[in-house]
Amino acid sequence: MAPLSPRLGIALAFICLVILGVMPIISNGRPPGSDALTFALYLSFWQLLFSIPLFARELRSNNKGIFRAGLSPARKARTLAITVTTGAIFGLSTYVYVLAFEKAGAVSAAIALQAYPLFAMLLEAIFFGRMKSMGELFFTFLIIVALYYLATSGTWRIDGFSFWSVFALGVPLLWSIAHVALKEVLDTTPITPNQVTFSRLLVSTAFLLLAQIAFDGAQGVFERLGDGKLQAFAILMGFAYYLELIFWFHAIRHIDVSVASSVTVPAPAVTMIFAILFLGETVYHYQLVAMGVIIAAMYGLLYANARKIRLQRLAASQSRA
């Protein structure tokens, strides 16, 4: 195994930051008239194709990941059920992602996506009993306040609520549900990250395909497959999405997840710059304020979490002494 390189890990995390910031621009830059469901289907399809080479490589290795023998029938059935369920959730989240950026705007939706840690913390507390420190709760409260400010377009009034800004919160909520479910699979089976990615994309694409056929018919699916401009953006988006996953998994091999996460926190700022340059979007003062508070609170949350872990380890070492 190659030696760990923190410098390489941080460099890869910075690449993830740029990709995460650019993805909303690609989504909103697609040709007019291409609806969110259609675009979500094709970007997932191309992303699936991009994931095949690494999956095939692991498939040829009989002792790699999930292909190792030893799983009981009950464990196999449970793993399959979780894979199918989470794949459908990721398929739905992809559609919500595209629609949210289209309706709420690239900047507001990108900021709303930063609510992911809130939902992850809530689900971890419910299912794993992981209670949070006072510092974590304080910074979480700041993020909630900033999201409310964003959702009311800076008015603080209930009647000023932006439905689509709130709708965008569905993306991190769905991601959190799926990731918490997948954690069990990753912890209790030898499945690899690439195998998780491939299986998730396979189910997601099938889920979106069935939804597209239900709403538009099979003929409409094939007609849009021949739309060169639409497919160019879908290929670009699918490649960017898959590339971000690969870079992310390699980054966290060299550095802690918390460090990698801290590097990618300013992604909405990157989106904001590109939205102004390429989409002609107007950035409002309340978006700048909300983004600034959320970024600061995210770094505070990461610091509070790292501090809590250090104290827990110190207490554990003292108890063993």
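Going by the structure above, here's the rest.
Residues numbered from 1 in each chain as written. Predicted model: local features only at pLDDT ≥ 70, side-chain atom pairs only at ≥ 80, totals over all residues. Heavy atoms only, no water.

### Some points on the nonpolar core
By size, the foremost hydrophobic cluster in this structure holds 66 residues, and its most contacted members are Tyr-97 and Ile-143. The greatest single-element share of this core, amounting to 10 residues, is contributed by helix α3 (residues 73-104). Of all hydrophobic cores here, the second largest spans 6 residues; its members include Ala-13, Trp-248, Ile-255 and Val-263. (Core = buried A, V, L, I, M, F, W, Y, C linked by side-chain atoms within 4.5 Å. Buried < 20%, exposed > 50% of the residue type's maximum accessible area, 1.4 Å probe, protein only. Helix = DSSP H or I, 4+ residues; strand = E, 2+ residues; numbered from the N terminus.)

### Considerations on the pattern of salt bridges
Applying the stated criterion to the full structure yields 4 salt bridges. Of the charged contacts in the structure, one is a salt bridge between Arg-30 and Glu-102, with a shortest N-O distance of 2.4 Å. Of this pair, Arg-30 sits in the loop between α1 (6-28) and α2 (36-59) while Glu-102 sits in helix α3, and the two are 72 residues apart along the sequence. Look at Arg-30 and you get buried, because its relative accessible area is 8%. Note that Lys-103 is salt-bridged to Glu-102, the shortest N-O span being 3.8 Å. Residue Lys-103 is classed as partly exposed on the basis of its relative accessible area, which comes to 42%. Salt bridges sharing common partners tie together Arg-30, Glu-102 and Lys-103. (Salt bridge = Lys/Arg side-chain N within 4 Å of Asp/Glu carboxyl O.)

### Examining the packing of aromatic side chains
All chains considered together, the criterion is met by 14 aromatic pairs. Between the aromatic rings of Phe-163 and Phe-167, the centroid separation amounts to 6.0 Å while the plane-to-plane angle is 35 degrees, which identifies the pairing as tilted. Of the two residues, Phe-163 and Phe-167 are both situated in helix α7 (residues 163-167); the distance of 4 residues between them amounts to about one turn of the helix. Within the aromatic cluster, the residues linked to one another by ring pairs are Tyr-97, Phe-101, Trp-175 and Tyr-241. Here the guanidinium or amino end of Arg-200 rests over the ring plane of Phe-90, the centre of that ring lying 3.9 Å away. (Phe/Tyr/Trp six-rings, centres within 6.5 Å; stacked < 30°, edge-to-face > 60°. Lys NZ or Arg CZ within 6 Å of the ring centre and 35° of its normal.)

### So, the layout of surface pockets
Rolling a probe over the atoms, with the probe sized like a water molecule, indicates the empty space that remains. Considering only enclosed or pocket space, the second largest pocket measures out at about 360 Å³ in volume. If you go around the second largest pocket, you meet 11 residues; those closest to its centre are Glu-58, Pro-193, Asn-194, His-250 and Arg-253. Counting residues per element, the ones that place at least two in the lining of the second largest pocket are α2, α9 (193-225) and α10 (228-254). If you tally residues by element for the lining of the second largest pocket, the top one is α10, at 4 residues. Looking at the lining of the second largest pocket, its residues break down into 4 nonpolar, 3 polar and 4 charged. (1 Å grid on protein atoms, 1.4 Å probe; cavity = no way out; pocket = protein on both sides within 12 Å on 5 of 7 lines; lining within 4 Å. Points joined across faces, edges and corners; volume = space filled by probe spheres on them. Nonpolar A, V, L, I, M, F, W, Y, C, P; charged D, E, K, R; others polar.)

### Concerning unusual backbone geometry
For Ser-153, which is not glycine, the phi dihedral falls at a positive 55 degrees. One non-glycine residue, Trp-156, adopts positive backbone phi at about 70 degrees. Tracing the chain through its elements places Trp-156 in the loop between α6 (134-151) and α7.

### Looking at empty space enclosed by the protein
Taken as a whole and judged by the stated rule, the model has 2 cavities of 30 Å³ or more. In terms of lining, the largest cavity is formed by Ser-44, Gln-47, Phe-90, Ser-93, Thr-94, Arg-200, Leu-201, Ser-204 and Tyr-241. For the lining of the largest cavity, the per-class residue count stands at 3 nonpolar, 5 polar and 1 charged. Space inside the second largest cavity adds up to approximately 30 Å³. What lines the second largest cavity is Ala-112, Leu-147, Leu-150, Ala-151, Ser-165, Val-166 and Leu-169.

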